[in-house]
Amino acid sequence: MKTCAKAGHVITLSLILLLLGFAAQPACAETIVVSGPVGSHGHATITNTITVSNLHDLPEGAYVTFNAPVYGSFADDGFSQTVSAQTHSASVTPVSATEMQETSGNLNIRYRQYQWLLNGTQGSTFTATVTTSFDYTVTANPQPRVFTDPYNSPGGVTAGADTLAEAVDMIANYVKLNDPGGCTARANLMLSQLQSAGIQGRVVQGVTVDTPLTTPQFAYNNAIHQLSVTWPRELHVWVQVYYPAEGVWVSYDPSFNKGFADQRHLAMGTSPATESALFRVNAYANGGVSLNLQTTIAFTGVTDTGSYTFRYLDPAPAGLSSTGFPMGREMTARPTVTPTPTPAPTATPTPTPGPSVTPTPTPLPAQNATATPTQTPQASVTPVPTQPPDDDSLNVTPGETQHYVTGTIVDAVTGLPLTGVTMLLDGQPVAIGPDGTFSIGAADGAHALTVSVPGYATINTNVIVSGGNLTEALKLSQIPAADSSRPDGRPCCGLPLAALVLLIIGLYRYGRA
């Protein structure tokens, strides 16, 4: 299965000089604010190959199931999608193919559940291919909008925000400045920050189209530029935020833009977290069975309609590099003039496409289990300031002497820096660098420190700052897999030759970005 690259989406930033006689200066550190409407239509084919291996001594009624997403209509404030001529097919005839829908609160997904019996399988491997094909039309219409929802900030990341839109913007900036790598990690970080700030959010699960997208021309440093963006062709997740005063959901993709999803996004459904029943493989077979899912995506006939209108450049938050927010919408009232942009940095790194990775899950013991990805270092990283910004002294009150708590968070066995880290000092989030380092201002005294990483034991401890800076080396140990065997060696479920093996492969947790 293709997954979001560890360093995030693949974006090619092409600044095309259209006026001769001027040196091209990159404008990627600003948000290019645009309005619509624009549209796109095309044909999508999504192929899933399910492989179940190491089969032997199968119990009566052994089976495998797979949940293939069903695509349909989708809309939020500034984005809509319609699907037609959708077909589903399987290379191996299933005993059943049942349309299912899960709807509860922020959960709204549809899928077709295929079931195949494994009894009678020739050899030790079962393979089936499921193909979903459909035509789609997407409209993005990021018109200027004034969000009137008042907001009472609890502090932390949203300190100082007076409106809900401003608070969400701060959280989006925080996620980009503290890029945990990968679309799933970014969505999880944004969801956790929204929850901490008392803001309602949910995940959108979908795919992105790899046809290049070009922004309107814009003036910068006495020259005219354009920005060309190419998303990867892959499974993807982004976030929606609810604005109760207007009664609308607004999409924020922490991998790219602020305030809308462009016409290169195709949605499958929404969920309260980055995991759902979509793309789930479930096998009832012998112990030691291995499951694998690979997904390929193809688009044909992609055609765009309309074009964005350039409005102005918005300076990026301090510390944000060239892989900031290339495109966004107008979220609050402001004059429609082009302000003088902040000069670009002397050198701006150009992001390189991340590799396409097909994760192969490690065979699980005979038990009910959910695959947990192995923590690996990021392939490439958005630069993070080594010194905390001026407002990062969250644990210092006026008149106190500020010191710094610094350190590194690594795997206790491999010594490699960990990704997806959530760190709190006295309840306030701490930025983690790509090499696992952190630095935050703190006054003399005791401070509560919490460090958590999925799949690792959480650290809860107190650190004492006394008269100077404090350096801590934090080593996290992986949580061992539960032992599901009884003393007599039989599976806990009591079946002498069988166990239930549940493996969530692919979409929104296993190796995703």
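Right above here is the structure, for reference.
Please read these numbers as outputs of a predicted model, since none were measured by experiment. (Residues numbered from 1 in each chain as written. Predicted model: local features only at pLDDT ≥ 70, side-chain atom pairs only at ≥ 80, totals over all residues. Heavy atoms only, no water.)

A. Quick peek at the pattern of salt bridges. For the structure on display, the rule yields nine salt bridges. Close ionic contact of Arg329 with Asp77 constitutes a salt bridge, the shortest N to O distance being 3.0 Å. Residue Arg329 is located in the loop between strand S20 (327–328) and strand S21 (403–411), and its partner Asp77 is located in the loop between strand S4 (74–76) and strand S5 (79–90); the two are separated by 252 residues in the primary sequence. Here Glu99 makes a salt bridge to Arg110, at a shortest N to O gap of 4.0 Å. Within this pair, whereas Glu99 is found in strand S6 (residues 96–104), its partner Arg110 is found in strand S7 (residues 107–117), the two being separated by 11 residues in sequence. Under the relative-accessibility criterion, Glu99 is labelled partly exposed at 40%. The structure contains a network of salt bridges with shared partners spanning Asp77, Arg145 and Arg329. (Salt bridge = Lys/Arg side-chain N within 4 Å of Asp/Glu carboxyl O. Helix = DSSP H or I, 4+ residues; strand = E, 2+ residues; numbered from the N terminus. Buried < 20%, exposed > 50% of the residue type's maximum accessible area, 1.4 Å probe, protein only.)

B. Representation of the sheet that holds strand S2 (residues 38–53) in the model. Judged by pairing direction, the sheet is antiparallel, and its five strands sit side by side in the order S4-S5-S8-S2-S18 without closing on themselves. Of all the strands in the sheet, just S4 and strand S18 (290–306) have a single pairing partner and so form its edges. Between one strand axis and the next, the sheet turns through 15° on average, direction left out of account. Where S2 meets S18, 15 bridges bridge the pair, whose relative direction is antiparallel. In the sheet register, Ala44 faces S18, and the bridge partner there is Phe299. (Pairing = 2+ DSSP bridges. Axes fitted to C-alpha atoms, helices over the stretch in contact; angles between N-to-C directions.)

C. Spotlight on the sheet that holds strand S23 (residues 428–429). Read across the open sheet, the four strands follow the order S23-S22-S25-S26; overall the sheet is antiparallel. At either margin of the open sheet sits one strand with a lone partner, and together these are S23 and strand S26 (459–465). Here strand S25 (residues 445–452) pairs with S26 via seven bridges, running antiparallel. Considered in S26, the bridge of Ala446 is made with Ile464.

D. Quick look at helix H2 (residues 183–196). Between its first and last C-alpha, H2 extends 20 Å over 14 residues, near the 20 Å set by a 1.5 Å rise per residue. Buried residues dominate H2, accounting for 10 of its 14 residues. Where H2 is concerned, the buried positions are Cys183, Thr184, Ala185, Arg186, Ala187, Leu189, Met190, Leu191, Gln193 and Leu194. On its buried face, H2 is in contact with helix H1 (164–177), strand S9 (201–208), strand S14 (234–243), strand S15 (248–252) and S23. Phi for Gly198, located one or two positions after H2, is positive at around 70°. (Expected span 1.5 Å × (residues − 1). Contact = heavy atoms within 4.5 Å.)

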